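Secondary and tertiary structure notes
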Amino acid sequence: MERKVKVLRRLLETPGVHQGPACFDALGAKLIESAGFPYCITSGFSIAASRLALPDTGLISYGEIVDQGQLITQAVSIPVIGDADNGYGNAMNLKRTVKGFIAAGFAGIILEDQVN
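Here's what I pulled together on the structure shown here.

Conventions used here
- Residues numbered from 1 in each chain as written.
- Predicted model: local features only at pLDDT ≥ 70, side-chain atom pairs only at ≥ 80, totals over all residues.
- Heavy atoms only, no water.
- Disulfide = S-S within 2.5 Å.
- Buried < 20%, exposed > 50% of the residue type's maximum accessible area, 1.4 Å probe, protein only.
- Axes fitted to C-alpha atoms, helices over the stretch in contact; angles between N-to-C directions.
- Helix = DSSP H or I, 4+ residues; strand = E, 2+ residues; numbered from the N terminus.
- Parallel < 35°, antiparallel > 145°, perpendicular 65-115°, else oblique.
- Contact = heavy atoms within 4.5 Å.
- Nonpolar A, V, L, I, M, F, W, Y, C, P; charged D, E, K, R; others polar.

Quick look at the state of the cysteines
Applying the stated criterion across every chain, the model contains zero disulfides. Free cysteine: Cys23, not disulfide-bonded; nearest cysteine sulfur from Cys40 at 3.9 Å. Relative accessible area serves as the criterion here: at 3%, Cys23 is assigned to the buried category. By relative accessible area, Cys40 is classed as buried at 0%.

As for the packing of helix α3 (residues 44–52) against helix α4 (residues 62–75)
Closest axis-to-axis distance for the α3/α4 pair is 11 Å, and the angle between their directions is 95 degrees. Considering the angle they form, α3 stands roughly perpendicular to α4. Between α3 and α4, the residues in contact are Ile47, Arg51 and Leu52 and Glu64, Ile65, Asp67 and Gln68, respectively. Split into classes, the residues belonging to the contact of α3 with α4 amount to three nonpolar, one polar and three charged.

The structure is reproduced here in C-alpha cells:
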C-alpha cells in the first residue's frame, strides 16, 4: 500500500477544494473512511471534549493527543492530519511534537501560529 503521506500530498496537489471531516476517535475516523472521504483531520477541541469533558484551552497534553492520534491513524487506511495546536511549547517542543506526530502515523500536521 502507498504511504499515507504520499497519498495526502498527491491529493492536496490536485486542484479544487478537498473535504476531510474532523474526528476525535478511531470509530469516527472509520465512519469518515466508510463514507468515502479521502482523508480526515483530528480535532483538538473534540479530543479534549471527549477525553476530558473540557474545552480546548490548553488543558489536554501533547501525550494525550499523540496517544489518541495513534489509535485513530491505526484504525484507518486513509491519511489523517493531526491537530498539533501550537506545537506544545517552544521550538524544542515543536521538534518533539513533529517527531511524535510522525511516529503516531499522522500524514500531515496542522500548527497554529500563536504568541502568548
